[in-house]
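Listed below, chain by chain, are the residues.
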Amino acid sequence: MAATSWIPKLGSRGGPIYLAIADALAADIASGQLTEGARLPTQRRLADDLEIDFTTVSRAYAEAQSRGLIEGRVGQGTYVKARRNAPARAQPSGLVDMSMNLPPRFQNRSLTHRMWETVRDLEDQGLDLLMRYQEPGGIIEDRMIATSWLSRRLPDAAPDRVLVAAGAQGALNAVLSVLTEPGDTVCAEQLTYPGFRSVASHLKLKLVPLEMDEHGLLPKAFERACQNGEPKALYCMPTLHNPTTRTMPLARRRELVELARLHDVPVIEDDAYSALVPDAPPPLAALAPDIVYHVASLSKCLSPALRVAYIAVPEGRSLRLASAIRASASMVSPLTSAVASRWIENGLADMVRDEIIRESAERLQVLNATLHKYAETSSGGFHVWMHVPKPWTRGELVSRLRSVGVAVVASDAFAVSSSPEAIRIGLGAPESLEEVKRSMEVLADLLSQQPAISTMVV
């Protein structure tokens, strides 16, 4: 197709026509249908072809130009703009760092532009957003929007029971400081989120590891811990558990919260991933809002840069938890909280989440093509729990992988007690799908060899 005969496929797109044209232009550039430097039809010709007003096409071209998609050349016409590749972020020794559990970067340039555009649009909130403190736990507007986000999974959530915290770490620190004193006992899965272990250590808490099976935490293990002592809280991750990717079935969730009620043990539910798993069972907080502190970070489902987490708390606990947030972090950053609220309000949050889910699925396909027999994975997730086959050990494998340019995490980082022979692989951190593929090929090749053969020591 000659570029000058380009006609956007608008279909049933909603919203203003000029935005639909700009979005179609972005999509055709991303797909390669329009190549860099291709000449576009004149505004008058496109208006005639689409049978719309000239000013609508003019607005569409102006929008596309503001997104960096096209450029006008005086006396020559309008052209698809050549991409300026961002400078590559150098990794030491070319290391592909899959030790960090980050959402994957997607290639939707139009959506990326709109995300940044929202940040610029916050100027309409004036200097108060930049030059004033806000109340700990978030202003009422942000708490109402947080409630709307949580209500998809927690239908009974209400703004007076929802607080905004500085990421999952800030939320966990605040909740634990309310529920415990130094020296207290807290139960957790035998493999758990390293950030929680860090907070518990900082607060001088004793962790009791609870056994797990292929469906996650075993309620019987929690019951035994309650009978053998007096835990002050239970911390768990029922949906897309980090690191094992396991999701607890509904019947087990019900059993767990009934035991928590019976023994009067509050539950801290880390729900960082459920926005990525639409068909997950109801959260523990939906089953037992009277005893569950529900922590929903936006780092995994939207952006690690936001450092925003929403906390749904039992009735009557908001003021005390807000005081804990004030003591530890003063407040969540008003700017990042405003960005999160705006993304949720204008629908960008759903679009970003959907792109993360789509990109994660493609990366999981790459892994499953080479390493499915060793790995535990889950739909919607971008981390993998891999059982290290004999005669390899986790230490040997992590060390050998790093020597050939791939970083992963051994199970020791997650273990509350003994460490299994396993590693966690973060599929979201590599720059591209191709980089994931190369790394998985390196890993598969290593596992096909004996450890001694693959190691060069002189």
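Everything that follows concerns the structure shown earlier in this document.
Visitor: What am I meant to see in the environment of L443 here?
Guide: Relative to the helices and strands, L443 resides in helix α16 (residues 433–447). You can call L443 buried: its relative accessible area is 2%. Spatially, the C-alpha atoms of L443 and T370 are 9.1 Å apart, while their sequence positions differ by 73 residues. Those residues within four positions of L443 in sequence are excluded, and the remaining contacts are L371, M386, L397, L401 and I425.

Visitor: Honestly, unusual backbone geometry in this entry has me stumped. Any pointers?
Guide: If a residue is not glycine, its phi is most likely negative; likewise, a peptide bond is most likely trans. The omega torsion across N242 and P243 is 20°, close enough to zero to call that bond cis. With respect to the secondary-structure elements, P243 resides in the loop between β9 (233–236) and α10 (250–262). For the peptide bond that leads from K390 to P391, omega is 5°, which places it in the cis range. In this fold, P391 is placed in the loop between β14 (383–387) and α15 (394–403). A positive phi angle is found at K204, which is not glycine, with a value near 60°. Along the polypeptide, K204 turns up in the loop between α8 (194–202) and β6 (206–210).

Visitor: Got a minute to help me understand the layout of surface pockets in this structure?
Guide: Empty pockets left among the atoms are what a rolling probe the size of a water molecule brings to light. Reported here for the second largest pocket is a volume of approximately 370 Å³. Lining the second largest pocket are 23 residues; nearest its centre among them are N101, Y193, N242, Y273 and K300.

Visitor: Even after reading the chapter, I still don't get the side chain of R252, so can you show me in this structure?
Guide: Within the fold, R252 resides in helix α10. Beyond its immediate chain neighbours, meaning those up to four positions away, R252 contacts D213, H215, G216, L217, L218 and P219.

Visitor: What's the story with the sheet that holds strand β12 (residues 309–312) in this structure? I'm lost.
Guide: Strands pair in a sheet through their backbones, by hydrogen bonds, and they do so in one of two ways: parallel or antiparallel. Ordered by their spatial adjacency, seven strands build an open sheet running β4-β12-β11-β10-β9-β5-β6, and the pairing between neighbours is mixed. Bordering the open sheet on either side are β4 (162–165) and β6, each of which pairs with just one other strand. Averaged over all pairs of adjacent strands, the angle between strand axes in this sheet comes to 20°, irrespective of strand direction. Where β4 lies against β12, four bridges are found, and the strand directions are antiparallel. Along β12, the bridge assignment pairs A165 with A309. On top of the sheet, helix α6 (residues 140–150) reaches β4, β11 (292–297) and β12; it is set at about 105° to β4, its chief contact.

Visitor: Explain the environment of S274 here, please?
Guide: Considering the arrangement of structural elements, one finds S274 in the loop between β10 (267–270) and α11 (284–287). Spatially, the C-alpha atoms of S274 and C301 are 8.4 Å apart, while their sequence positions differ by 27 residues. Setting aside chain neighbours within four positions, we find S274 in contact with R153 and T239.

Procedures and definitions
Residues take numbers from 1 onward in each chain, read along the sequence in its written order. Reporting in this predicted model follows two pLDDT cut-offs: at least 70 for local features of residues, and 80 or more for side-chain atom pairs to be given and counted; totals over whole chains, interfaces and linings ignore these cut-offs and use all residues. Side-chain measures were taken over the full set of non-hydrogen atoms in the model, leaving aside hydrogen atoms and water. Under the scheme used here, helices are H or I runs from DSSP no shorter than 4 residues and strands are E runs no shorter than 2 residues, and both carry numbers assigned from the N terminus. Each residue is placed in one exposure class: buried if its accessible area under a 1.4 Å probe, protein chains only, is under 20% of its type's maximum, exposed if it is over 50%, and partly exposed if it falls in between. For this analysis, residues touch if any pair of their heavy atoms sits within 4.5 Å. Think of a 1 Å grid over just the protein atoms. A cavity is a set of points where a 1.4 Å probe fits yet cannot get out, a pocket is an open set with protein on both sides within 12 Å along at least five of seven lines, and lining residues have an atom within 4 Å of a point. Grid points are joined across faces, edges and corners, and a volume is the space filled by probe spheres set on the points. Any two strands with at least two DSSP bridges between them are considered paired. Orientation is described by lines fitted to C-alpha atoms, with helices fitted over the stretch in contact, and by angles between N-to-C directions that extend from 0 to 180 degrees.

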